[in-house]
Amino acid sequence: MFGAKRERALYGILHKLPKIHRYTWIRWGLGIVATLSIAALPVLDILRFDLWGGGHRWLGEPVDTVTAAKAFAFPFLAINVVIVLKSRLFGRYLCGFFCPVGTLSRLVEWARYTDRKGRWRVAGPLTAFLVSCLMAAITFAFWVDWHVFLEGSTMARTLSAAFLGSMALGLFGIVQFMGLRFCRDLCPSGVYFALLGQETINGIEFDETTCTDCGLCDVVCPVDLKPRDMSGGPWRDERGFYSDGMSNFALCLRCGDCVVACEEVGTRGEPTSALNLGALSADARNAQPPCHGASR
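About the criteria used
- Residues numbered from 1 in each chain as written.
- Predicted model: local features only at pLDDT ≥ 70, side-chain atom pairs only at ≥ 80, totals over all residues.
- Heavy atoms only, no water.
- Helix = DSSP H or I, 4+ residues; strand = E, 2+ residues; numbered from the N terminus.
- Buried < 20%, exposed > 50% of the residue type's maximum accessible area, 1.4 Å probe, protein only.
- Contact = heavy atoms within 4.5 Å.
- Areas by Shrake-Rupley, 256 points an atom, 1.4 Å probe, with all protein chains shown as cover.
- Salt bridge = Lys/Arg side-chain N within 4 Å of Asp/Glu carboxyl O.
- Pairing = 2+ DSSP bridges.
- Axes fitted to C-alpha atoms, helices over the stretch in contact; angles between N-to-C directions.
- Parallel < 35°, antiparallel > 145°, perpendicular 65-115°, else oblique.
- Expected span 1.5 Å × (residues − 1).
- Polar contact = N/O pair within 3.5 Å; in protein donor to acceptor, adjacent residues only side chain to side chain.
- pLDDT = per-residue confidence, 0-100.
- Core = buried A, V, L, I, M, F, W, Y, C linked by side-chain atoms within 4.5 Å.

1. As for the overall build of the chain
Then comes step 1: Each helix and strand in the chain was counted, giving 14 helices and 5 strands.
Then comes step 2: In the chain, which comprises 296 residues, the share counted as buried stands at 42%.
Then comes step 3: Pairs at least 24 apart in sequence give 73% of the contacts found in the chain among residues at least 6 apart.
Then comes step 4: Total accessible area computed for the chain in this model is approximately 15,400 Å², and 66% of it derives from carbon and sulfur atoms.

Structure below.
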């Protein structure tokens, strides 16, 4: 199975790493900063909706629904403009480094093969569940005042509990039972980013002169691409919400897993990697696939 092969490969890489890889530090660092920033909005009353009692806040002051909606709409629109430009030029970095589903899925993968004594096989999913609850709580606090559980009617408390519980269990269910297969096949945001990023100036580039042809990069790719054939290679076939006609660069998450595998194993101690994540050369950007929508 794709997932099992990937996890076994990552387990092998994990035990060869002298230290935590830089991409892991970046991924968790960005995730923590983004989560704390979003959590600060309702906690500090910078921006908070209250769909239960109408106690909306903007910059610490109570406001009406229209004012709160405007305060939310303009930053939201600006952020989406940045996302469109970023995805168009640089591809799906949001999927590879910012997405909480992807980050938690990696934690669960890592836990399955980290400790042969089984300690992390329990603690890893438990940690993922607690983080899922935390993220659900942050989302809930943005839209509903927690006082609903103390002062709300039975119906309000029931709906609020259902809202909170479904978010936590839904997120945990995805990361525990689907993992990065969700990103590969079913994520609607990923499809949106992929459509925007059909042609980018940034991605995975291959240098065949240092490749040992170990094939590990193909095994660890979470979306079933062949990293060495990103430019000019056949495109992946239809998968889930992703139809034929999307280029390899559009589908690539920019997660860097193939680069990690190449750096730590594929080059067999060589100081350079055959795969690199960064700005693409003109040749890589302009190369066309030999057959449109070909199966992998």
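2. A few points about the pattern of salt bridges
Then comes step 1: Taken as a whole and assessed by the stated rule, the structure comprises 10 salt bridges.
Then comes step 2: A salt bridge links Arg 48 to Asp 45; its shortest N-O distance comes to 3.1 Å.
Then comes step 3: For Arg 184, the salt bridge identified is with Asp 185, shortest N-O distance 3.0 Å.
Then comes step 4: Accessibility expressed as a relative area gives 10% for Arg 184, which makes it buried.

3. Structural notes on the environment of Gly 53
Then comes step 1: In this structure, Gly 53 sits in the loop between β1 (47-48) and β2 (57-58).
Then comes step 2: A relative accessible area of 56% places Gly 53 in the exposed class.
Then comes step 3: When the C-alpha positions of Gly 53 and Gly 152 are compared, they lie 8.6 Å apart, and in sequence the two are 99 residues distant.

4. A closer look at the sheet that holds strand β3 (residues 61-62)
Then comes step 1: Taken together, 3 strands build an open sheet; the order of strands is β1-β2-β3 and the sheet is antiparallel. Each of the sheet's edge strands pairs with one partner strand only, and the pair in question is β1 and β3.
Then comes step 2: Pairing geometry for β2 and β3, over 2 bridges, is antiparallel. In the sheet register, Trp 58 faces β3, and the bridge partner there is Glu 61.

5. Structural notes on the packing of helix α3 (residues 65-90) against helix α10 (residues 188-196)
A pair of packed helices can be characterised by two numbers: the angle between their axes and the separation between those axes.
Then comes step 1: Running from N to C, α3 and α10 point in directions that differ by 60°, and their axes come no closer than 7 Å. Considering their axes alone, α3 and α10 lie oblique with respect to each other. Only Tyr 192, Phe 193 and Leu 196 of α10 make contact with α3, whose side of the interface consists of Ile 83, Val 84, Ser 87 and Arg 88.

6. Brief notes about α3
Then comes step 1: With 26 residues, α3 should reach 38 Å at 1.5 Å per residue; the first-to-last C-alpha distance of 36 Å fits that figure.
Then comes step 2: Every buried residue belonging to α3 is among Ala 68, Ala 71, Ile 83, Lys 86 and Ser 87, and all of these are buried.
Then comes step 3: Tucked inside the fold, the buried residues of α3 contact β1, β2, α4 (93-98) and α10.
Then comes step 4: Where α3 begins, the side chain of Asp 64 points an oxygen toward the backbone nitrogen of Val 66, at a separation of 3.3 Å.

7. Topic: the confidence of the model for the chain
Then comes step 1: Confidence along the chain averages 85 in pLDDT terms, with 87% of residues attaining 70 or more.
Then comes step 2: The spread of mean pLDDT over the elements of the chain runs between helix α1 (residues 2-14), the lowest at 67, and helix α8 (residues 154-177), the highest at 95.
Then comes step 3: In this model residues 291-296 is a low-confidence stretch, pLDDT under 50, and it forms 22 contacts with partners more than four residues away in sequence or in other chains.

8. Thoughts on the nonpolar core
Then comes step 1: By size, the foremost hydrophobic cluster in this structure holds 50 residues, and its most contacted members are Val 175, Ile 204, Leu 225, Tyr 242, Val 259, Leu 275 and Leu 277.
Then comes step 2: Ranked by residues supplied to this core, first place goes to helix α13 (residues 257-266) with 5 residues.
Then comes step 3: Discounting chain neighbours no more than four positions away, the residues touching Leu 277 are Tyr 23, Tyr 93, Phe 97, Asn 202, Gly 203, Ile 204, Arg 254, Gly 256 and Val 259.
Then comes step 4: One finds Leu 47, Val 63, Ala 68 and Ala 71 within the second-largest nonpolar core, a separate group that totals 6 residues.

9. Points about the side chain of Thr 103
Then comes step 1: You can see Thr 103 is positioned in helix α5 (residues 100-114).
Then comes step 2: Judged by relative accessible area, Thr 103 falls into the buried class, the value being 8%.

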